[in-house]
Amino acid sequence: MTTEIIELTKENSPATSRTEQLALDVLMGFTSHPKYIPPIHFYDAKGSQIFQKIMSAKDYYLTECELEIIKTHGKSMISGFDKNQKLQVIELGAGDGYKTKHLIEAVLDSNIDTTYYPIDISKQALEDLSERFSKFFPDLDIQCLQGEYFQSLKWLRAQPTCQRLVLFLGSNIGNFRRPQAEVFLKTLWNVLQDGDYVLIGADLKKDIDKMLWAYNDREGYTKDFNINLLSRINRELGANIDTSKFQHYGTYNVKLGAMESFLVSLEKQSVQVDALNRKFEFKAFEAIHVESSYKYLCSEMKEMANHAGFSLQNVYYDSKKYFADFFLKVHKKI
Ligand SMILES: C[S@@+](CC[C@H](N)C(=O)[O-])C[C@H]1O[C@@H](n2cnc3c(N)ncnc32)[C@H](O)[C@@H]1O
């Protein structure tokens with residue numbers, strides 16, 4: 001049996017539903033130069049399922065590396081928590097919880113009274129997580145929340161104080177541009193209490209070919225994932241995009257230190273979006289930017305975390321040093 005999913009309220013946006021938000025973002029993105037679609041729209045039900053396939057792709061090293069870190073160091077990560085106090089584990093952008101399962105196992109083994117709050121924009125991801133976790137951990141206190149990162153922080157601020165561990169795994173932080181990542185970390189620090197912990201997974205800068213393979217996997221899952229954005233616009237906004245006329249292109253931007261994904265229009269074409277009652281023109285070989293995934297040096301992540309007010313407790317690496325999990329503590333007392 002899966003648990004009920006509570007939807008967090010969305011404020012300060014003229015869009016009242018996810019489909020309206022998609023329409024607004026398509027309007028903004030398709031009338032900009034260069035064109036773009038925000039990556040949050042990847043994760044409809046189909047996109048979340050394709051992402052699970054990406055995680056299993058041979059070339060997508062990120063998942064295996066972070067899984068190795070959590071399996072190896074999960075016990076050490078939770079060793080500092082007080083067994084006599086309740087613990088809240090809050091996960092932002094939890095996905096299907098594939099890796100978190102091993103951390104929750106470690107928490108439960110240590111007999112700490114724990115509530116797990118997976119938060120994700122994708123209802124499908126939360127349903128999958130909830131179904132799997134109810135089988136693995138029938139006695140776990142779990143509350144799924146559907147919402148966006150900054151809504152989640154607002155929710156977090158309103159929670160009663162107890163010891164807390166916030167998880168932000170899977171290189172989710174890499175989807176923010178560097179200044180946005182700094183704002184996110186500072187906002188997170190601000191809503192947390194002195195003594196709370198945060199675990200952030202970041203993909204490290206490395207051999208460029210390794211990264212190019214990961215985002216152009218030979219099974220073609222990343223391509224399907226990106227093309228699904230166009231199919232989603234067709235499904236939800238009544239558009240007539242011929243997806244065969246767009247090509248996935250993943251490249252590394254050395255100046256920014258980020259993998260970037262584009263959908264490139266293979267010919268001059270126009271696209272009708274009924275929900276917007278509007279046509280958009282594409283030139284031949286014009287690109288739509290769909291995602292950036294920023295890579296970090298360990299020193300860059302440490303500096304950013306420090307700057308936000310966290311104190312670094314530990315950095316956990318996989319054996320190849322492709323990926324790192326940064327274990328941070330909130331310090332507020334002067
Ligand atoms: C790259 S996946 C990683 C999932 C998981 N953290 C892991 O490590 O396997 C990103 C997840 O974050 C969710 N997500 C993306 N943007 C989000 C946002 N702005 N707010 C909340 N969730 C978001 C997606 O639905 C997806 O499940």
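Residues numbered from 1 in each chain as written. Predicted model: local features only at pLDDT ≥ 70, side-chain atom pairs only at ≥ 80, totals over all residues. Heavy atoms only, no water.

1. Brief notes about the pairing of strand β8 (residues 197-203)
1) Next: Within β8, 7 of the 7 residues are buried, which leaves the element mostly enclosed by the surrounding structure.
2) Next: Both faces of β8 are covered, namely the face carrying Tyr197, Leu199, Gly201 and Asp203 and the face carrying Val198, Ile200 and Ala202.
3) Next: Pairing of strand β7 (residues 163-168) with β8, which is carried by 4 bridges, proceeds in the parallel orientation. Pairing of leucine 165 across the sheet is with tyrosine 197, part of β8.
4) Next: Regarding the hand of the β-α-β motif, the stretch spanning β7, helix α7 (residues 178-191) and β8 is right-handed. (Buried < 20%, exposed > 50% of the residue type's maximum accessible area, 1.4 Å probe, protein only. Helix = DSSP H or I, 4+ residues; strand = E, 2+ residues; numbered from the N terminus. Pairing = 2+ DSSP bridges. Right-handed = clockwise from strand over helix to strand, strands pointing away.)

2. Overview of the pairing of strand β4 (residues 114-120)
1) Next: Most of β4 is tucked away, with 7 of its 7 residues classed as buried.
2) Next: Here β4 shows no split at all, with Thr114, Tyr116, Pro118 and Asp120 on one side and Thr115, Tyr117 and Ile119 on the other all buried.
3) Next: When strand β3 (residues 87-92) meets β4, the two strands line up parallel, connected through 6 bridges. Across the sheet, isoleucine 90 pairs through a bridge with tyrosine 117, a residue of β4.
4) Next: Once you follow β3 into helix α4 (residues 100-109) and on to β4, the crossover reads as right-handed.
5) Next: Bridge analysis of β4 against strand β5 (residues 141-142) gives 2 bridges, and the strand direction is parallel. When the bridges of β5 are listed, tyrosine 116 appears paired with isoleucine 142.
6) Next: Taken together, the 2 bridges between β4 and strand β6 (residues 144-146) define a ladder with parallel strand orientation. Bridged to aspartate 120 within β6 is glutamine 146.

3. Notes on helix α2 (residues 45-56)
1) Next: A rise of 1.5 Å per residue sets the reference length of α2, with its 12 residues, at 16 Å; its end C-alpha atoms lie 18 Å apart and thus fit the reference within 8%.
2) Next: Among all positions in α2, only Gly47, Ser48, Ile50, Ile54 and Met55 are buried. Each buried residue of α2 lies within a common arc of 160 degrees when the element is viewed along its axis, so the set occupies one face.
3) Next: If you follow the buried residues of α2, they end up packed against α3 (61-77), α5 (123-136) and α9 (221-237). (Expected span 1.5 Å × (residues − 1). Arc of directions from axis to C-beta. Contact = heavy atoms within 4.5 Å.)

4. Considering the state of the cysteines
1) Next: This structure, assessed with the given rule, holds 0 disulfides.
2) Next: With no disulfide of its own, cysteine 65 has cysteine 298 as its nearest cysteine by sulfur position, at a separation of 15 Å.
3) Next: Cysteine 65 sits in the buried class, given a relative accessible area of 4%.
4) Next: A relative accessible area of 15% means that cysteine 298 is categorised as buried. (Disulfide = S-S within 2.5 Å.)

5. Remarks on the packing of helix α6 (residues 149-157) against α7
1) Next: In contact at an axis separation of 9 Å, α6 and α7 are set at 15 degrees when each is read in the N-to-C sense. Taken together, the axes of α6 and α7 lie roughly parallel to each other. For the pair α6 and α7, the sense of crossing is left-handed. Each of Tyr149, Phe150, Leu153, Leu156 and Arg157 in α6 lies in contact with α7, whose residues at this interface are Phe184, Thr187, Leu188, Asn190 and Val191.
2) Next: By residue class, the composition of the contact of α6 with α7 is 7 nonpolar, 2 polar and 1 charged. (Axes fitted to C-alpha atoms, helices over the stretch in contact; angles between N-to-C directions. Parallel < 35°, antiparallel > 145°, perpendicular 65-115°, else oblique. Left-handed = near helix turned anticlockwise from the far one by under 90°. Nonpolar A, V, L, I, M, F, W, Y, C, P; charged D, E, K, R; others polar.)

6. Details of the packing of aromatic side chains
1) Next: Under the defined criterion, the tally for this structure stands at 26 aromatic pairs.
2) Next: With a centroid separation of 5.5 Å and an interplanar angle of 75 degrees, the aromatic rings of phenylalanine 30 and phenylalanine 280 are classed as edge-to-face. Of this pair, phenylalanine 30 sits in helix α1 (residues 18-30) while phenylalanine 280 sits in strand β12 (residues 278-282), and the two are 250 residues apart along the sequence.
3) Next: Classification of phenylalanine 30 as buried rests on a relative accessible area of 4%.
4) Next: Lying across the ring of phenylalanine 282, lysine 35 places its NZ or CZ 4.8 Å from the centre.
5) Next: The aromatic ring of tyrosine 317 is capped on one face by lysine 321, whose charged end is 4.3 Å from the ring centroid. (Phe/Tyr/Trp six-rings, centres within 6.5 Å; stacked < 30°, edge-to-face > 60°. Lys NZ or Arg CZ within 6 Å of the ring centre and 35° of its normal.)

7. What to know about the site of the ligand
1) Next: Close to the ligand lie 17 residues, the nearest being Gly93, Lys99, Asp120, Tyr149 and Gly170.
2) Next: Residue lysine 99 places a side-chain N or O atom 2.7 Å away from an oxygen atom belonging to the ligand.
3) Next: Compared with its free state, where it exposes 590 Å², the ligand has 93% of that area covered by protein.
4) Next: Among the residues making up the shell around the ligand, the classes are represented as 8 nonpolar, 6 polar and 3 charged. (Near = heavy atom within 4 Å. Polar contact = N/O pair within 3.5 Å; in protein donor to acceptor, adjacent residues only side chain to side chain. Areas by Shrake-Rupley, 256 points an atom, 1.4 Å probe, with all protein chains shown as cover.)

8. Examining the domain arrangement of the protein chain
Many authors give the size of an interface as the accessible area that is lost as the parts come together.
1) Next: With domains assigned, the protein chain is organised as domain 1 (16-45 + 211-294) and domain 2 (61-206 + 297-330).
2) Next: Using C-alpha coordinates to define each centre, domain 1 is positioned 29 Å away from domain 2.
3) Next: Taken residue by residue, the interface counts 14 residues in domain 1 and 16 residues in domain 2.
4) Next: Looking only at domain 1, the three residues that lose the most surface to domain 2 are Arg18, Met211 and Tyr294, adding up to 44% of its buried area.
5) Next: Elements with a contribution of two residues or more to the side of domain 1 that touches domain 2: α8 (208-214) and β13 (287-294).
6) Next: It is β13 that contributes the most residues to the side of domain 1 that touches domain 2, 4 residues altogether.
7) Next: A per-class count over the side of domain 1 that touches domain 2 returns 8 nonpolar, 3 polar and 3 charged. (Domains from an automatic or database assignment. Buried area = accessible area lost by both parts, 1.4 Å probe.)

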